[in-house]
Amino acid sequence: MDRTYLIKPVIDAEYPMIDYGKGVYLYDSEGKEYLDASSGAITANIGHGVQEIIDAMTEQAKRVSFVYRSQFTSEPAEKLAKKIASLSFPELNWCFFVNSGSEATETAMKISIQYWQEKGVMTKTKVLSRWMSYHGITLGALSMSGHTGRRARFIPLLEDFPVIQPPYCYRCPYNKEAPECGYLCANELDNMIRRIGSEHIAAFIAEPIIGASGAAITPPQDYYKVIKEICERHQILFIADEVMTGFGRTGTMLACEQWGVEPDIVTLGKGMGAGYTPIAATLVGDHVMEPIVSGSKTIMGGHTLSANPQACAVSLAVIEYLEKNKIIPEVKKKGEYLKAKLLQLQKSFSFIGDIRGRGLMLGIEFVQNFVEKKPFPRAMKVTESMISIAQHHGLLVYPAGAGSDGVNGDAVMIAPPLNITFKEMDDLIQRLQETLQQFTNFYLKEVEL
Ligand code: PMP
């Protein structure tokens with residue numbers, strides 16, 4: 001090809017041309033094999049080329065792929081909503097389908113504002129969030145995201161939604177340790193609400209485990225209990241953005257289950273279609289829908305392709321596959337195995353500062369100095385180098401470090417398809433070890449620290 005007509009993430013960069021995928025492996029047009037240790041962007045949760053999904057796709061396409069949600073409902077959409085309601089918390093019984101995680105969080109934001117309007121409160125329009133967070137690329141979702149790099153160009157267009165510190169225990173902003181810290185970072189929400197006035201705040205949104213902006217930053221055990229209590233006390237809805245953590249990624253259908261906290265609204269995406277189709281959802285609690293159902297009876301949102309039967313049938317097949325093969329109950333054990341292997345690697349590579357995460361959503365943070373946790377200078381582009389060395393060794397990992405925040409450490413995420421086998425995890429570790437060794441041999445030697 002002499003030129004490209006496709007706008008890729010970096011326009012003049014060379015990307016391998018992918019040919020096909022099978023299970024946890026991808027193959028490019030030159031026959032090179034990649035172990036997909038990031039499930040793309042934590043999306044291909046059941047791996048590539050699963051026949052059952054292809055069959056479900058074909059069957060639905062033979063019947064009907066698209067109907068417009070303002071004219072029709074469809075069996076796959078009805079079934080999927082019912083199924084998802086049965087899989088999560090007892091109150092989360094309403095499902096609004098969209099096509100991407102950004103649309104799901106944007107919809108959650110709008111529903112939370114509408115909820116208060118239906119109750120006659122017109123001033124509650126802000127959504128609070130956290131620094132080092134990512135909720136999507138559309139302007140509303142970006143307004144709620146604490147992601148320096150992705151916000152920078154659009155700052156003048158974004159809503160001024162205040163943010164609190166993230167529960168980043170490895171670099172605690174208060175230099176304390178949980179639980180003795182008294183969850184100062186969670187209590188910051190209380191202060192923030194008092195400062196702004198709860199009459200202006202519709203909701204607080206958080207990723208149960210921070211992904212794209214922090215590489216699997218996992219809060220201590222009582223963190224969300226404190227958050228939920230503060231939200232309830234000030235009459236603010238709690239939105240859990242489970243676009244990345246949902247659908248079994250951390251070992252339970254929703255990650256929030258592990259903190260015993262029931263959100264008012266939940267967003268899902270990525271693993272919902274597992275990469276086989278664009279589909280995402282906003283799940284809404286009965287009590288949030290109640291004033292809408294008895295009020296205007298409509299949610300001002302939705303996209304042309306929302307709830308299309310093709311995507312819904314694929315997502316149903318993904319759930320069926322997860323259930324039939326008992327994949328989610330195995331995630332915790334697999335995650336512990338992989339984490340133990342990563343901790344072993346940490347002993348040989350002193351630039352591995354932190355290993356964190358739950359289930360098969362693990363993060364590795366790199367540091368220049370292990371004891372002081374000193375980050376590498378940003379100019380060294382450690383995250384970017386790690387990604388490209390890994391790719392050279394046939395390993396795909398996800399960048400989620402300094403590039404996103406501009407302040408904190410370099411980091412990558414390891415989040416393979418949930419049905420990865422133990423043997424494949426050993427292959428993953430082998431490729432990662434080679435990557436880290438090459439980083440030591442060539443990269444660290446070449447730069448002056
Ligand atoms: N929320 C979270 C937690 C995410 O990780 C992402 C994607 N990284 C999004 C929202 C946005 O999803 P999408 O890219 O599908 O719009």
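Quick caveat, the model's predicted, so the values are computed rather than measured.

S.K.: How do you make sense of the pairing of strand β10 (residues 280–285) when you look at a structure like this?
M.R.: The side chains of a regular strand alternate between both faces of the sheet. Taking burial as the measure, the 6 residues of β10 include 6 buried ones, the bulk of the element. Of the two faces of β10, both are covered, the one formed by A280, T282 and V284 as well as the one formed by A281, L283 and G285. One ladder, built from 6 bridges, connects strand β4 (residues 92–98) with β10; its direction is antiparallel. Note that in β10 the partner of F96 across the bridge is T282. Pairing of strand β9 (residues 265–268) with β10, which is carried by 4 bridges, proceeds in the antiparallel orientation. Bridged to L268 within β10 is A281.

S.K.: Sorry if this is basic, but what is going on with the site of the ligand here?
M.R.: Every one of the 16 residues lining the ligand counts as a neighbour, but S100, G101, S102, V243 and M244 are closest to it. With 3 residues, the single largest contributor to the shell around the ligand is helix α4 (residues 101–118). Looking at the shell around the ligand residue by residue, the classes come out as 6 nonpolar, 8 polar and 2 charged.

S.K.: Got a minute to help me understand unusual backbone geometry in this structure?
M.R.: Trans peptide bonds make up the majority, and among non-glycine residues the majority have a negative phi. Backbone torsion omega between A178 and P179 reads 0 degrees, so that peptide bond is classified as cis. One non-glycine residue, N175, lies in the positive phi region at around 55 degrees. Phi angles above zero are rare outside glycine, and K381 is one such case at about 50 degrees. Relative to the elements of secondary structure, K381 occurs in the loop between β12 (361–366) and α12 (382–392). Since 16 C-beta atoms lie within 10 Å of it, K381 is described here as partly exposed.

S.K.: What is the right way to look at the sheet that holds strand β3 (residues 33–36) in this model?
M.R.: Hydrogen bonding along the main chain pairs the strands of a sheet, whether they run parallel or antiparallel. One open sheet accounts for 4 strands, arranged β1-β2-β3-β13; its pairing is mixed. One side of each edge strand has no neighbouring strand; the edge strands of this open sheet are β1 (18–22) and β13 (395–396). Bridge count for strand β2 (residues 25–28) against β3 is 3 bridges, and the pairing is antiparallel. The residue bridging Y27 from the neighbouring strand is E33, located in β3.

S.K.: Looking at this model, I keep getting lost on the packing of helix α3 (residues 75–87) against helix α10 (residues 309–324). Mind explaining?
M.R.: Helix-helix packing is characterised by the crossing angle of the two axes and by the distance between the axes. Close contact between α3 and α10 brings their axes to 8 Å; oriented N to C, the two are set at 40 degrees. Regarding the angle of α3 to α10, the classification is oblique. Considering the relative orientation of α3 and α10, their crossing is left-handed. Counted together, P76, A77, K79, L80 and K83 of α3 and P309, C312, A313, S315, L316 and I319 of α10 form the full contact between these two elements. Looking at the contact of α3 with α10 residue by residue, the classes come out as 8 nonpolar, 1 polar and 2 charged.

The rules behind these values
One numbering rule holds for all chains: residues counted from 1, following each sequence as written. With pLDDT at 70 or above as the cut-off, local features in this predicted model cover only qualifying residues; side-chain atom pairs require 80 or more to be listed or tallied, and sums for whole chains, interfaces and linings still use all residues. Any residue with 12 or fewer other C-beta atoms within 10 Å of its own C-beta is exposed, any with 20 or more is buried, and the rest are partly exposed; the C-beta atoms used are placed from the backbone. The secondary structure listing takes helices from DSSP runs of H or I that are at least 4 residues long and strands from runs of E that are at least 2 residues long, numbered from the N terminus. Strands are labelled as partners when DSSP assigns at least two bridges between them. Note on definitions: a residue is near a molecule or strand provided its C-beta atom, placed from the backbone, lies within 6 Å of it. Under the convention adopted here, Pro, Cys and the residues Ala, Val, Leu, Ile, Met, Phe, Trp and Tyr are nonpolar, Asp, Glu, Lys and Arg are charged, and Gly plus all remaining residues are polar. To get an axis, fit a line to the C-alpha atoms, keeping to the stretch in contact for a helix; angles then go from 0 to 180 degrees between the N-to-C directions. Note on terminology: angles under 35 degrees are roughly parallel, angles over 145 are roughly antiparallel, angles of 65 to 115 are roughly perpendicular, and the others are oblique. Helix crossings fall into two classes, left-handed where the near helix is turned counterclockwise from the far one by less than a right angle and right-handed where it is turned clockwise. The contact rule is simple: place each C-beta atom from the backbone, and if two of them lie within 7 Å, those residues are in contact.

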